[in-house]
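Single-letter residue listing:
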Amino acid sequence: MATTLRLLNSGIAVLARPHKAWSKPLHLQIEPTTVCNLKCAFCVREKNVFRPRSLSLEQFTSVFDQIRPLRVTFAGDGEPTLAPDIWKMISYAREHGARTIITSNWTVGPRIAEKAIESGLTALRVSIDAATAKTYVAMRKADYHHVIVEGIRVLQRLKQERGVREPDVGFEYVLGRDNLHEMCAVLDLAKELGVCRVNFRPLNLVGIEEREDELLGGMTREQYRKSLEDARQHAARLKMPVNLGEIIELLPFYEVRYTKDFNPEKKSPDCIYPWVQVYIAVDGQVTPCCALQMDEKVSLGNMFEAGFDAVWNGKPYRKMRADTVKRRIEYKSCITCEGRGLGKVASLAFRTPGFLKKPDAPGAGHG
């Protein structure tokens, strides 16, 4: 009943778009650590992180208890599985009624697969970006592809042995010049490994604009579109869920968003995140989404200093909501975003198995 009421209140807030929110966010994105073992070509981390640190269990429980989200995603400038208290954080969230998701490079997967199951993790999203070791090195600047694949095999085998279905495993695939040719091959790999979905992501250049030629140089629009179309058809043959239809539909936007042809004076895209979602960095800085904090270091307040309620309806957040209603957000991350309107967010939410279901006990695992 309480969950239904929160969903109803949030739905009304999304429709009414008040400057002062009367409902707390349903989705918490939180950064458990800024420690990472990779230096990826397309990551902005090296510009932002000078003293890596991790969130403590006490800090996490304080954040969680003030928000009581229905869903928690662990992601940020670091690799979540390197946070010392990550599995305790996940267990705490599950025990208190939230679905849990990790976006991970899974480079230590073989060693932590059992912990992922025992913690009650709902979903694992593996940032793989390649079907072969050679292409993985080009994208991620390290040779971990075989370790990642083995880690997924170990996880899937342990799930089968224990008769559980969680965490379900999905792939994240950032699209760049060096891996465009392996889209179909990674779909084959996903099918082989029992992966439930492959999510392709056009490269985000905010904060790393100077690397555009290195990461995207030499690709033509025709080549890009053909690769997407071929992969979409291959995914259909494999019956593998993907988001390629959405990307193809938005190609005219993606093709110009970082070029002189893009008009920054146009209205910013529709977004409901300021009413239903929050991102909290490892140091307590609060924004509606990870891109604003990670790429531009925007902060609408610090909840470790002021408390969540004071930030959530503080002056900066109320201004953000007012500007969102007017669709006049000035941040580059927002201007170059494809938008997160009601229909798109609902689609993303319901792609996560059991998103609105009441969780079982940790490790019980139903889809």
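Counting of residues starts from 1 at the beginning of each chain's written sequence and follows it residue by residue. Local features in this predicted model are restricted to residues whose pLDDT is 70 or higher, and side-chain atom pairs enter the listing and the counts only when it is 80 or higher, whereas totals over whole chains, interfaces and linings include all residues. For the side-chain quantities, the full set of heavy atoms in the structure was used; hydrogens and water were omitted.

J.: What should I look at first to understand a nonpolar patch on the surface in this one?
T.: Patches in this entry comprise residues that are over 30% relatively accessible and not in a salt bridge; like charges within 9 Å are linked, as are nonpolar side chains (Val, Leu, Ile, Met, Phe, Trp, Tyr) within 5 Å. Each accessible area is a Shrake-Rupley result for a 1.4 Å probe, and residues are judged covered by the shown protein chains and nothing else. For this analysis, a salt bridge means a side-chain nitrogen from Lys or Arg found within 4 Å of a carboxyl oxygen belonging to Asp or Glu. A grouping of L5, L8, I12 and W22 is seen on the molecular surface, where their side chains present a nonpolar patch of about 410 Å² in accessible area. Comment: elements are numbered from the N terminus, with helices defined as DSSP H or I runs of at least four residues and strands as E runs of at least two. Examined against the element boundaries, L8 turns out to sit in helix α1 (residues 2-16). Exposure is judged per residue with a 1.4 Å probe applied to protein chains only, and the accessible area is read against the type maximum: over 50% gives exposed, under 20% gives buried, and values in between give partly exposed. The exposure class of L8 is exposed, given its relative accessible area of 51%.

J.: How do you make sense of the state of the cysteines when you look at a structure like this?
T.: One way to say it: the disulfide is the covalent bond shared by the sulfur atoms of two cysteines. The rule for a disulfide is simple: a pair of cysteine sulfur atoms within 2.5 Å. All told, the structure shown has zero disulfides when counted by the stated rule. You can see C334 has no disulfide; the closest cysteine sulfur is in C289, sitting 6.1 Å from it. Residue class for C334 comes out buried when judged on its relative accessible area of 17%.

J.: How do you make sense of the pairing of strand β7 (residues 277-280) when you look at a structure like this?
T.: Each regular strand carries side chains that alternate between the two faces of the sheet. Residues of β7 alternate between two faces, with Q277 and Y279 on one and V278 and I280 on the opposite face, all of them buried. Strand pairing is assigned whenever DSSP detects at least two bridges linking the two strands. Remark: five residues form the turn of the hairpin made by β7 and strand β8 (residues 286-287), two consecutive strands paired antiparallel; G284 in that turn has positive phi of roughly 95°.

J.: Help me understand the sheet that holds strand β4 (residues 123-127) in this model?
T.: Within a sheet, adjacent strands bond to each other through the backbone by hydrogen bonds, running parallel or antiparallel. The eight strands lie next to each other as β6-β5-β4-β3-β2-β1-β7-β8, forming an open sheet whose pairing is mixed. Single-partner strands in this sheet number two, and they are β6 (197-202) and β8. Bridging between strand β3 (residues 99-104) and β4 involves four bridges; their strand directions are parallel. Note on β4: the bridge partner recorded for S104 is V126. Sheet contacts for helix α7 (residues 145-162): β4 and β5 (168-175); angle to β5, the most-contacted strand, approximately 160°. Contacts: residue pairs with any heavy atoms within 4.5 Å of one another. As a rule, the C-alpha atoms of each element are fitted with a line to give its axis, helices using only the stretch in contact, and angles between N-to-C directions run from 0 to 180 degrees.

J.: In this structure, what is going on with the packing of aromatic side chains? I would like to understand it.
T.: Centre-to-centre distance and the angle between the planes together describe a pair of aromatic rings. Aromatic rings from Phe, Tyr and Trp, with only the six-membered ring used for Trp, were paired whenever their centres fell within 6.5 Å, and each pair was classed as stacked if the ring planes differed by under 30 degrees, edge-to-face if by over 60, and tilted otherwise. Here the structure, examined in full by the defined rule, presents six aromatic pairs. Aromatic side chains F60 and F64 sit 6.0 Å apart centroid to centroid with 40° between the ring planes, which places their arrangement in the tilted category. Of this pair, F60 and F64 both sit in helix α3 (residues 57-67), four residues apart, which is roughly one turn of the helix. The class of F64 is buried, set by a relative accessible area of 0%. According to the relative accessible area criterion, F60 is buried, its value standing at 0%. The structure contains a cluster of three or more aromatic residues connected by ring pairs, namely F60, F64, F74 and Y92.

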